[in-house]
Amino acid sequence: GENRAFAEKIVAETRALTKVVTDFLDISKPMVLSPAPVNLCEIIEQVAEDLKRIETFSALKVNVEGVFSSVEGDAILLRQAFSNLLRNSCEAMAEKQQKMAIRIQAEQISQSGRAYLRLMVSDLGNGIPEFDRAKIFLPFFTTKAQGSGLGLALVQKIIVSHNGSISLESTSNEGTSFLILLPAHAE
């Protein structure tokens, strides 16, 4: 009984430490992509379903809008990026004890003669204070008691390694939106 409880705590802490080390290694080494056409809408829907299996996020509603095009990328890495991003949104809303809703708007755009998929990922969390906005993509910067500060740094690295960009729009106490631009797959 008591030994089992201690053993379970050891296993949980070992898993948490393994995740921190793995994320750190992912940030510190160059990304090796296996590019192929990727349907981001499917990836986002799969990530949302995975998050809903976590008890704290079971009420999550993800509203996906707009027109998605395939992007050229590594499906595993993009899944990891959106998993980290959506999990952060869920944690921000849970912290605020806010309705669990994420809105993802997609549109196809052309920029400098190249086709892109533009995504706006918005939540209803606390927002990010202005003095923290410049630091959110830095490794080890976190405002969470249990955070490692590697999640958003890894999201940015994955998006940039796909020749994309990610930026932040946030208003304190009104939620956060991330604008992501990824090159569309050339048909």
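In this text the structure is predicted, and so the values were computed from the model without any measurement.

## With respect to the overall build of the protein chain
A tally of helices and strands in the protein chain yields 5 helices and 7 strands. Taken from N to C terminus, the helices and strands of the protein chain fall in the order α-β-α-β-β-α-β-β-α-α-β-β. Expressed as a percentage of the 187 residues in the protein chain, the buried residues total 36%. Taking the contacts inside the protein chain whose residues are at least 6 apart along the sequence as the reference set, 72% of them involve residues at least 24 apart.

## Digging into the side chain of H162
Its location among the elements puts H162 in the loop between helix 5 (151-161) and strand 6 (165-170). A relative accessible area of 4% means that H162 is categorised as buried. A polar side-chain atom of H162 sits 2.7 Å from the main-chain carbonyl oxygen of I158. Not counting residues within four places of it along the chain, the set of residues in contact with H162 comprises L33, E72, G73, D74, L77, L78, L182 and P183.

## A closer look at the packing of helix 3 (residues 75-96) against helix 5
Interhelical geometry of helix 3 versus helix 5 gives an angle of 145° and a closest axis separation of 9 Å. Two packed elements cross with a definite hand, and for helix 3 against helix 5 that hand is left-handed. Note on element contacts: helix 5 touches helix 3 through G151, L152, L154, V155, I158 and I159, opposite L77, L78, Q80, A81, N84, L85 and N88. Among the residues making up the contact of helix 3 with helix 5, the classes are represented as 9 nonpolar, 4 polar and no charged.

What counts, and at which threshold
Residues numbered from 1 in each chain as written. Predicted model: local features only at pLDDT ≥ 70, side-chain atom pairs only at ≥ 80, totals over all residues. Heavy atoms only, no water. Helix = DSSP H or I, 4+ residues; strand = E, 2+ residues; numbered from the N terminus. Buried < 20%, exposed > 50% of the residue type's maximum accessible area, 1.4 Å probe, protein only. Contact = heavy atoms within 4.5 Å. Polar contact = N/O pair within 3.5 Å; in protein donor to acceptor, adjacent residues only side chain to side chain. Axes fitted to C-alpha atoms, helices over the stretch in contact; angles between N-to-C directions. Left-handed = near helix turned anticlockwise from the far one by under 90°. Nonpolar A, V, L, I, M, F, W, Y, C, P; charged D, E, K, R; others polar.

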